[in-house]
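# A look at the structure
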Amino acid sequence: MNPTEQKTTVSEAVRKHKEFLFPAVATYYQEPVALVKGEGEYVWDDAGNRYLDCFGGVLTVSVGHANPRINEAIIAQTNKIQHTSALYANENQSNLAEKLAEITPGDLKKSFFTSSGTEADDTAILAAKLATGRHEIVVLRHSYSGRSATALSSVGHSTWKPIASQVAGVVHAAAPYCYRCPFKLEYPSCGVACAQDIEEIIQTTTTGEIAAFMAEPILGVGGFIVPPPEYFQIAYEIARNHGGLCISDEVQTGWGRTGDKWFGIEQWNVTPDIMTSAKGMANGVPIGWTIATSEVADKFPGLTFATFGGNPVSTAAALAVIKMIEDDDLRANCKTVGDYLRERLEELKEKYPVIGDVRGMGLMQGIELVKDRTTKEPAPEAVLRVFEETKRRGVLIGKGGLYGNVIRTGMMLNSTKDNVDELVAALDQGFALC
Ligand SMILES: Cc1ncc(COP(=O)(O)O)c(C=O)c1O
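We now turn to the structure provided with this report. (Residues numbered from 1 in each chain as written. Predicted model: local features only at pLDDT ≥ 70, side-chain atom pairs only at ≥ 80, totals over all residues. Heavy atoms only, no water.)

Let's shift gears to the overall build of the protein. On a plain count of helices and strands, the protein comes out with 13 helices and 15 strands. Against the globule reference of 22 Å for 434 residues, the protein gives a C-alpha radius of gyration of 21 Å, in line with a compact fold. Structurally, the protein occupies a C-alpha span of about 60 × 60 × 45 Å along its principal axes. Relative to its full complement of 434 residues, the protein shows a buried share of 56%. Long-range pairs, those at least 24 residues apart, make up 73% of the contacts in the protein between residues at least 6 apart in sequence. Taken as a whole, the protein presents about 18500 Å² of accessible surface, with 53% of it coming from carbon and sulfur. Separation between the mean location of the 41 positive side-chain charges and that of the 53 negative ones in the protein comes to 4 Å. (Helix = DSSP H or I, 4+ residues; strand = E, 2+ residues; numbered from the N terminus. Rg over C-alpha atoms; globule rule 2.2 N^0.38 Å. Buried < 20%, exposed > 50% of the residue type's maximum accessible area, 1.4 Å probe, protein only. Contact = heavy atoms within 4.5 Å. Areas by Shrake-Rupley, 256 points an atom, 1.4 Å probe, with all protein chains shown as cover. Lys, Arg positive; Asp, Glu negative; His and termini not counted. Charge placed at Lys NZ, Arg CZ, Asp CG, Glu CD.)

What follows is about the sheet that holds strand β13 (residues 395–396). Spatial ordering of the open sheet is given by β1-β2-β3-β13, a layout of four strands whose pairing is mixed. Looking at the sheet topology across the chains shown, the edges are occupied by β1 (35–39) and β13. Two strands pair when backbone bridges link them, and strand β3 (residues 50–53) and β13 are joined in this way by two bridges, in the parallel orientation. Each residue of the ladder has a partner; that of Leu-52, found in β13, is Val-395. The sheet strands contacting helix α13 (residues 417–432) are β2 (42–45), β3 and β13, and the helix crosses β3 at an angle near 110°. (Pairing = 2+ DSSP bridges. Axes fitted to C-alpha atoms, helices over the stretch in contact; angles between N-to-C directions.)

Below, the discussion takes up the side chain of Thr-253. Position of Thr-253 relative to the elements: it lies in the loop between β8 (245–249) and β9 (274–277). At a separation of 2.7 Å, a polar atom in the side chain of Thr-253 contacts the side chain of Glu-250. Residues in contact with Thr-253, not counting those within four places in the same chain, are Pro-217, Ile-218, Thr-258, Trp-262, Phe-263, Gly-264 and Met-364. (Polar contact = N/O pair within 3.5 Å; in protein donor to acceptor, adjacent residues only side chain to side chain.)

Once that is clear, we can look at a nonpolar patch on the surface. A cluster of nonpolar side chains, Phe-20, Leu-21, Phe-22 and Val-25, forms an exposed patch at the surface whose accessible area comes to about 460 Å². Locating Phe-22 in the fold gives a position in the loop between α1 (12–20) and β1. Under the relative-accessibility criterion, Phe-22 is labelled exposed at 69%. (Patch = residues over 30% accessible without salt bridge, like charges linked within 9 Å, V, L, I, M, F, W, Y side chains within 5 Å. Salt bridge = Lys/Arg side-chain N within 4 Å of Asp/Glu carboxyl O.)

Let us look at helix α5 (residues 117–132). In this model α5 runs 23 Å from its N-terminal to its C-terminal C-alpha over 16 residues, within 8% of the 22 Å that 1.5 Å per residue would give. Listed in full, the buried residues belonging to α5 are Gly-117, Thr-118, Ala-120, Asp-121, Thr-123, Ala-124, Ile-125, Ala-127, Ala-128, Lys-129 and Ala-131. Backbone geometry just after α5 places Gly-133 at a positive phi near 75°. (Expected span 1.5 Å × (residues − 1).)

What follows deals with the nonpolar core. Soluble globular proteins: nonpolar side chains tend toward being buried together. Counting residues in hydrophobic clusters, the biggest one holds 101 residues, and the most contacted among them are Leu-100, Phe-213, Tyr-231, Trp-255, Leu-369 and Phe-431. If you tally residues by element for this core, the top one is helix α10 (residues 312–327), at eight residues. If sequence neighbours within four positions are ignored, Phe-431 has contacts with Leu-348, Tyr-352, Val-354, Ile-355, Ile-367, Leu-369, Val-386 and Ile-407. (Core = buried A, V, L, I, M, F, W, Y, C linked by side-chain atoms within 4.5 Å.)

All right, on to the environment of Asn-67 then. One can find Asn-67 in the loop between α2 (56–59) and α3 (68–80). Of the residues examined, Asn-67 reaches a relative accessible area of 6% and is grouped as buried. Once the C-alpha coordinates of Asn-67 and Glu-41 are considered, the two residues, 26 residues apart in sequence, prove to be 9.8 Å apart. The contact partners of Asn-67, leaving out residues within four places of it in the chain, are Asn-283 and Met-324.

A word on the site of the ligand. Among the 13 residues in the neighbourhood of the ligand, the closest are listed as Gly-117, Thr-118, Asp-249, Gln-252 and Lys-279. Take Thr-118: an N or O atom from its side chain is 2.5 Å from an oxygen atom of the ligand. Take Gln-252: an N or O atom from its side chain is 2.8 Å from an oxygen atom of the ligand. Coverage of the ligand by the protein chains reaches 84% of its 390 Å² of free accessible surface. Residue contributions to the shell around the ligand peak at three residues, all from α5. (Near = heavy atom within 4 Å.)

What follows covers the packing of α3 against α10. The contact between α3 and α10 brings their axes to 8 Å, and the two run at 155°. Taken as axis vectors, α3 and α10 run roughly antiparallel relative to one another. The chirality of how α3 crosses α10 is right-handed. Contacts from Arg-69, Ile-70, Ala-73, Ile-74, Gln-77 and Thr-78 in α3 reach Pro-312, Val-313, Ala-316, Ala-317, Ala-320, Val-321, Met-324 and Asp-327 in α10. Here the residues of the contact of α3 with α10 sort into 10 nonpolar, two polar and two charged. (Parallel < 35°, antiparallel > 145°, perpendicular 65-115°, else oblique. Left-handed = near helix turned anticlockwise from the far one by under 90°. Nonpolar A, V, L, I, M, F, W, Y, C, P; charged D, E, K, R; others polar.)

Take the pairing of strand β11 (residues 355–361) next. Along β11, seven of the seven residues are buried, which leaves the element largely enclosed by surrounding structure. As paired elements, β11 and strand β12 (residues 364–369) share six bridges and run antiparallel to each other. Residue pairing across strands places Gly-360 opposite Gln-365, the latter belonging to β12. Between β11 and the antiparallel strand that follows it, β12, lie two residues; Gly-362 among them carries a positive phi value of about 55°.

Our next topic: the sheet that holds strand β4 (residues 108–114). Taken together, seven strands build an open sheet; the order of strands is β4-β10-β9-β8-β7-β5-β6 and the sheet is mixed. In this open sheet, the two strands that pair with only one neighbour each are β4 and β6 (170–173). In this sheet, adjacent strand axes meet at a mean angle of 20° when their direction is disregarded. Bridge count between β9 and strand β10 (residues 288–293): four bridges; the pairing is antiparallel. If you follow Ile-274 over to β10, its bridge partner there is Ala-292. Across the face of the sheet, helix α8 (residues 231–241) comes into contact with β5 (137–140), β7 (212–215) and β8 while running at roughly 155° to β7.

See the structure below:
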């Protein structure tokens, strides 16, 4: 879109958002956008402006807005029966659980459904504690796991922690953040010190026997931090030596997002004991999911229940998303289009010194902005400039990173190279202003 053609209007939705929502529910952009319509890769705001959506409501609209194949499943199920509660079996929940046992790695078999990533991670941590009889968990700095007391205690960002940790026994290991190595070393001569340090973390900050090690295969909110290839093999081995179960948080990295594989952890040649996901699993219909080996799941005692867990509509949507990823070979598309996006972003890096690092996998690509490539001082204000300019040019992007200086792109799994060109053209204009 020609930026001069952009319409503006005073948005009632934005005005009421500011007046009636918790101020902590922050919005992107100087003039927040109120979205009223979506179709495929595009969304429209309430002034009629069209945008290429390169963030998908935080990697959640995975196969396009208002996708007829997903909506058909949702509408058909809504018209049949919309809610049952987990007290009754329903065929969508059962079929989805069976399918998930088939497509997940290793011996993962039994599922528990909820409504969000927070609940999925909570369930995983609880299951690990119950299965091991231990209480301590190792998580990563720069990680994100949600908003419950347990999840907030696990979050590795002060910016997302409004209160001190309320749950004891959570320790934070160094992130495998090569661009800003916590040990000031360089890969590969570092010997993957960040992974090796988990041994000392366990020995010095826990009882020595842990319930679990929980990590995202690529740290999402942290700014798409990609670990070195050996990281997870070393980390999982250390955790298991200390009696811990390994939890892979696939809230952002699941469903083919990293290219070729269903789940991010499969890129690292290890097999978790528990896995969680949410976001892109049902293309925007609320869902949370925890899967564990039978050995772990069977040790969850007593009764447990989530009112909306396994809801027939959300599980219908998830089944339709998985079917579409399979039918259209979207894992392969993610790899092909993701590689192309990466190539184009590397070109921008050659052109603009404000780009310190380009990283990611598949259609999960981030750009870390710095004031100076030598000092690596974060440049969050440059991100804001790029945000405003790309918006003016009809493209929506995301951000992240502890310092708010990482542009995150989470294009839809069925995006095309033309979509990439449109995104890169807008970014190019944005970086030109930095
Ligand atoms: C890796 C990860 N885990 C958990 C969560 C929490 O998910 P939700 O916001 O659905 O509770 C998020 C949300 O961004 C996430 O990125």
